[in-house]
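Chain residues, written in single-letter form:
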Amino acid sequence: MTAARTAGAPTPGRERARRFGLRPFRSWTLRSRVVLVVVAMLAVLGAVIGTVSVLALQNYLLDRLDQQLISALERGQHTADRINAGGPTNPQAQGVVTTPGQPTGTLGAVRSADGGLLFPPVILSDRPSPSTDQPLGPKQVTINGLALLTVPADSQPRTVDLGDQLGSYRIAAAQLDNGDSVIIGLPLSEVTATTQQLTLVIGLVTLAGLVFAFLIASFVVRLAMRPLARVTETAEQVAHMPLDRGDVALSVRVPEADTDQHTEVGKVGSALNRMLGHVASALTARQASEQKVRQFVADASHELRTPLASIRGYAELTRRSPHELPQDVTRSLGRIESEATRMTSLVEDLLLLARLDEGRELDRDPVDLSLLLIDALSDAHAAGPDHTWHIDLPEEPVEVLGDAPRLHQVVMNLLANARVHTPEGTTVVAALAVDAVTREAVVTVTDDGPGIPEELRSTLFERFARGDSSRNRATGSTGLGLAIVSAVVEAHGGTVTVASEPGSTVFTVRLPLVGEPPLADALPAETVEDTIVEDAPVKPENAPAPENAPEGADRE
């Protein structure tokens, strides 16, 4: 028993197909396979019909030639017996080929009783014109006489190869009255020529028929596959629809003409329409449920803002009261105030995400990203002096259209994410550049910390995703920081990505530039290398005052 073939190992046929640039048959389109099968079947059918026709004609012509040969043998036998008159063979017995009725090309010879030829073989090369009295003269030929000596004198035709000069002959021999044998042969050249001509004609006709069949089959199959192509087009349209977010209006359907249940393609189209209907119902229900949740979050966040502000206000008012309070009460009021502040930040984040989910328009004003990065990095340095902060900016300002507070929050969240989730001494670099090809501003935040675990990267920008499952602010987070980054960037028509490995984590934000400047104008200038922000961060004159880092900035 042979060993099992290794799973996935390429077969010799696949290797040869790959070597010649051919795809495996199973990977061909259905149209190509159907056309190929039809043409192959017609080719086999044409070959079978052609072979049968050629063989039938060849047998018919050979039978007719054998009948002519038997008649010529009988005439030669009678002529030889008449010339010999019962005695020894007369040299004039060569007349066996010139006797009336013998066809052109008749070969004649007389073999003695002891097995030798009595005279060289002769052939009737041509007959004289009937208007002349020129006698019929046989022509001597040089052939392999051994081939004639082995022919039995049984009057049965046999095919004998007489050499290059004469080719193949049908030969028969009969015994004379004196014991010798007369040998008569007729050429097979006409039979062979007719058979070859028929083979050529059938081959050419079959080839032309295959070409015509290929064209007709291609047209018919293409016409028959049009409904399937329309079904495929419908599926492609659905595949490119953003069904994972936003309002879902799955109105695409297979045309009614392609849903006939009596055809295979119609069954597929009808099944696809039913499936799309079920998917549309499920998506509508999901959208309605999500909308209720968003509305609840938005309403709850809005309603919680006033109570939280009141709690903070009363706590601060009580703590600042002129009456001296016990130390534990003062500490409790401080905790109440800090937790109310944290809760307010969380509510503000939830309210912002709810508003972005509703598709509310953000402000669209020119924003200088260079100043924005300087302010954000200054705030980050103040919040995390135990980290090393670098900034890399182009010499020329880089402006985008957007909401300045929201973009500032994006950068602050990314910087706070790097600060909170990396150990002390980690180097964090905020860089700004311009992609001249895509006409985008590129903001990167890079740190040389331990990196992001592989299992967290797929859910990094989802809400309430945490690198630390704890809800303690010292070790964990609410999981909204990067979700806000993703939502704000998408609302500005940009993208945010992350690439992480141990020792290098890079968050990249891409935002469309103001207008579409020429390619030369969009090239980034030389950047300021490794500008270290020390205890007193460098800020330009008249720069806006830094804002505090928003709550919820965390690495998932």
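Residues numbered from 1 in each chain as written. Predicted model: local features only at pLDDT ≥ 70, side-chain atom pairs only at ≥ 80, totals over all residues. Heavy atoms only, no water.

1. Focus on the overall build of the protein
Turning to step 1, where the next piece is worked out: Counting its secondary structure elements, the protein contains 10 helices and 14 strands.
Turning to step 2, where the next piece is worked out: When each of the 556 residues of the protein is scored for burial, the buried share is 36%.
Turning to step 3, where the next piece is worked out: Considering only contacts within the protein whose residues lie at least 6 apart along the sequence, 67% involve residues at least 24 apart. (Helix = DSSP H or I, 4+ residues; strand = E, 2+ residues; numbered from the N terminus. Buried < 20%, exposed > 50% of the residue type's maximum accessible area, 1.4 Å probe, protein only. Contact = heavy atoms within 4.5 Å.)

2. Regarding the packing of helix H7 (residues 369-383) against helix H8 (residues 404-420)
The packing of two helices is summarised by the inter-axis angle and the distance between the axes.
Turning to step 1, where the next piece is worked out: For the pair H7 and H8, the least separation of the axes is 9 Å and the interaxial angle reads 40°. Judged by the angle between their axes, H7 and H8 are oblique. Of the two elements, H7 crosses H8, and the hand of that crossing is right-handed. Of the residues in H8, those in contact with Leu 369, Leu 372, Leu 373, Asp 375, Ala 376, Leu 377, Asp 379, Ala 380 and Ala 383 of H7 are Ala 404, Leu 407, His 408, Val 411, Met 412, Leu 415 and Arg 419. (Axes fitted to C-alpha atoms, helices over the stretch in contact; angles between N-to-C directions. Parallel < 35°, antiparallel > 145°, perpendicular 65-115°, else oblique. Left-handed = near helix turned anticlockwise from the far one by under 90°.)

3. Describing the nonpolar core
Turning to step 1, where the next piece is worked out: Counting residues in each nonpolar core, the largest one holds 40 residues, and the members touching the most others are Leu 369, Leu 373, Val 400, Leu 414 and Leu 415.
Turning to step 2, where the next piece is worked out: Those elements giving two or more residues to this core turn out to be H7, strand S8 (388-392), H8, strand S10 (427-435), strand S11 (440-447), helix H10 (481-491) and strand S13 (504-512).
Turning to step 3, where the next piece is worked out: Leave out the neighbours within four places in its chain, and Leu 414 touches Val 445, Leu 482, Val 485, Phe 507 and Val 509.
Turning to step 4, where the next piece is worked out: Grouped together as the second largest cluster of nonpolar side chains are 20 residues, Ala 80, Val 122, Val 182 and Leu 186 included. (Core = buried A, V, L, I, M, F, W, Y, C linked by side-chain atoms within 4.5 Å.)

4. As for the pattern of salt bridges
Turning to step 1, where the next piece is worked out: Taken as a whole and judged by the stated rule, the model has 4 salt bridges.
Turning to step 2, where the next piece is worked out: As a salt-bridge pair, Asp 435 and Arg 510 come within 2.9 Å of each other at their nearest N and O atoms. Taken together, the residues Asp 435 in strand S10 and Arg 510 in strand S13 connect sequence positions 75 residues apart.
Turning to step 3, where the next piece is worked out: You can call Asp 435 buried: its relative accessible area is 19%.
Turning to step 4, where the next piece is worked out: Here Arg 510 falls in the partly exposed class, since its relative accessible area comes to 26%.
Turning to step 5, where the next piece is worked out: The structure contains a network of salt bridges with shared partners spanning Asp 435, Glu 440 and Arg 510. (Salt bridge = Lys/Arg side-chain N within 4 Å of Asp/Glu carboxyl O.)

5. Some details on empty space enclosed by the protein
Turning to step 1, where the next piece is worked out: For the coordinates displayed, the defined rule picks out 1 cavity of 30 Å³ or more.
Turning to step 2, where the next piece is worked out: The wall of the largest cavity is formed by Leu 369, Leu 372, Leu 407, Val 410, Val 411, Leu 414, Val 443, Val 489, Val 509 and Leu 511.
Turning to step 3, where the next piece is worked out: In the lining of the largest cavity, the residues fall into 10 nonpolar, no polar and no charged. (1 Å grid on protein atoms, 1.4 Å probe; cavity = no way out; pocket = protein on both sides within 12 Å on 5 of 7 lines; lining within 4 Å. Points joined across faces, edges and corners; volume = space filled by probe spheres on them. Nonpolar A, V, L, I, M, F, W, Y, C, P; charged D, E, K, R; others polar.)

6. Looking at the pairing of strand S12 (residues 495-501)
Turning to step 1, where the next piece is worked out: Sheet analysis places S12 next to S13, joined by 7 bridges and oriented antiparallel. Directly across from Ser 500, in S13, lies its bridge partner Thr 505.
Turning to step 2, where the next piece is worked out: With antiparallel pairing between neighbouring strands as the criterion, S12 and S13 make up a hairpin whose turn holds 2 residues, including Gly 503 at a positive phi of roughly 95°. (Pairing = 2+ DSSP bridges.)

7. A short note on the confidence of the model for the protein
Turning to step 1, where the next piece is worked out: Counting all residues, the mean pLDDT for the protein is 77, and 76% of those residues have values of 70 or more.
Turning to step 2, where the next piece is worked out: Ignoring residues within four places in sequence, the model shows residues 1-8, a span with pLDDT below 50, making 1 contact including any to other chains.
Turning to step 3, where the next piece is worked out: Here residues 469-476 is modelled with pLDDT under 50, and outside its nearest four sequence neighbours on either side it reaches 12 contacts, counting other chains as well. (pLDDT = per-residue confidence, 0-100.)

8. Considering the environment of Leu 372
Turning to step 1, where the next piece is worked out: By the element assignment, Leu 372 lies in helix H7.
Turning to step 2, where the next piece is worked out: Overall, the relative accessible area of 6% leaves Leu 372 in the buried class.
Turning to step 3, where the next piece is worked out: Along the chain, Leu 372 and Ala 404 lie 32 residues apart, while their C-alpha atoms are 8.1 Å from each other.
Turning to step 4, where the next piece is worked out: For Leu 372, the contacting residues outside a window of four places in its chain are Val 367, Ala 404, Leu 407, His 408 and Val 411.

9. Comments concerning a nonpolar patch on the surface
Turning to step 1, where the next piece is worked out: A grouping of Leu 30, Val 34, Val 38, Leu 42, Leu 45 and Ile 49 is seen on the molecular surface, where their side chains present a nonpolar patch of about 450 Å² in accessible area.
Turning to step 2, where the next piece is worked out: If you trace the backbone, Ile 49 turns up in helix H2 (residues 30-84). (Patch = residues over 30% accessible without salt bridge, like charges linked within 9 Å, V, L, I, M, F, W, Y side chains within 5 Å. Areas by Shrake-Rupley, 256 points an atom, 1.4 Å probe, with all protein chains shown as cover.)

10. Remarks on the sheet that holds strand S5 (residues 168-175)
Turning to step 1, where the next piece is worked out: Across the sheet, 6 strands lie side by side as S3-S2-S1-S6-S5-S4; this open sheet has antiparallel pairing. Two strands lie at the open edges of the sheet, namely strand S3 (139-140) and strand S4 (158-161), each paired on one side alone.
Turning to step 2, where the next piece is worked out: Two elements, S4 and S5, share 4 bridges in a ladder whose sense is antiparallel. For Thr 159, the partnering residue across the bridge sits in S5 and is Arg 170.

11. Describing unusual backbone geometry
Turning to step 1, where the next piece is worked out: Not every positive phi belongs to a glycine, and Ser 155 is a case in point at roughly 65°.
Turning to step 2, where the next piece is worked out: Within the secondary structure, Ser 155 is located in the loop between helix H3 (145-149) and S4.

12. Quick word on the side chain of His 387
Turning to step 1, where the next piece is worked out: Considering the arrangement of structural elements, one finds His 387 in the loop between H7 and S8.
Turning to step 2, where the next piece is worked out: Within the structure, the side chain of His 387 is placed 3.0 Å from the side chain of Asp 386, a separation counted as a polar contact. (Polar contact = N/O pair within 3.5 Å; in protein donor to acceptor, adjacent residues only side chain to side chain.)

13. Considerations on H10
Turning to step 1, where the next piece is worked out: For H10, the buried fraction is high: 9 of the 11 residues fall into the buried class.
Turning to step 2, where the next piece is worked out: Within the span of H10, buried status applies to Gly 481, Leu 482, Ala 483, Ile 484, Val 485, Ser 486, Ala 487, Val 488 and Val 489.
Turning to step 3, where the next piece is worked out: Once H10 ends, the next one or two residues include Gly 493, with phi positive near 75°.

14. Concerning the environment of Glu 424
Turning to step 1, where the next piece is worked out: On the secondary structure map, Glu 424 appears in the loop between H8 and S10.
Turning to step 2, where the next piece is worked out: Considering only alpha carbons, one finds Glu 424 and His 387, 37 residues apart in sequence, at a separation of 5.7 Å.
Turning to step 3, where the next piece is worked out: Apart from the residues within four sequence positions on either side, Glu 424 is in contact with Asp 386 and His 387.

15. A word on the pairing of S13
Taken residue by residue, a regular strand's side chains alternate between the two faces of the sheet.
Turning to step 1, where the next piece is worked out: Sheet analysis places S11 next to S13, joined by 8 bridges and oriented antiparallel. Within the sheet, the bridge partner assigned to Glu 440 lies in S13 and is Pro 512.

16. Side note on the packing of H8 against H10
Turning to step 1, where the next piece is worked out: The geometry of H8 relative to H10 is characterised by a closest axis approach of 9 Å and an angle of 145° between their N-to-C directions. Classified by chirality, the crossing of H10 by H8 is left-handed. Residues Arg 406, Gln 409, Val 410, Asn 413, Leu 414 and Asn 417 of H8 pack against Gly 481, Leu 482, Ile 484, Val 485, Val 488 and Val 489 of H10.
Turning to step 2, where the next piece is worked out: When the residues that make up the contact of H8 with H10 are grouped by side-chain class, the tally is 7 nonpolar, 4 polar and 1 charged.

17. Considerations on the environment of Leu 186
Turning to step 1, where the next piece is worked out: Structurally, Leu 186 can be placed in strand S6 (residues 181-187).
Turning to step 2, where the next piece is worked out: Taking the C-alpha atoms as reference, Leu 186 lies 8.7 Å from Ala 72; in sequence the two are 114 residues apart.
Turning to step 3, where the next piece is worked out: The contact partners of Leu 186, leaving out residues within four places of it in the chain, are Leu 65, Gln 68, Leu 69, Pro 103, Thr 106, Tyr 169 and Arg 170.

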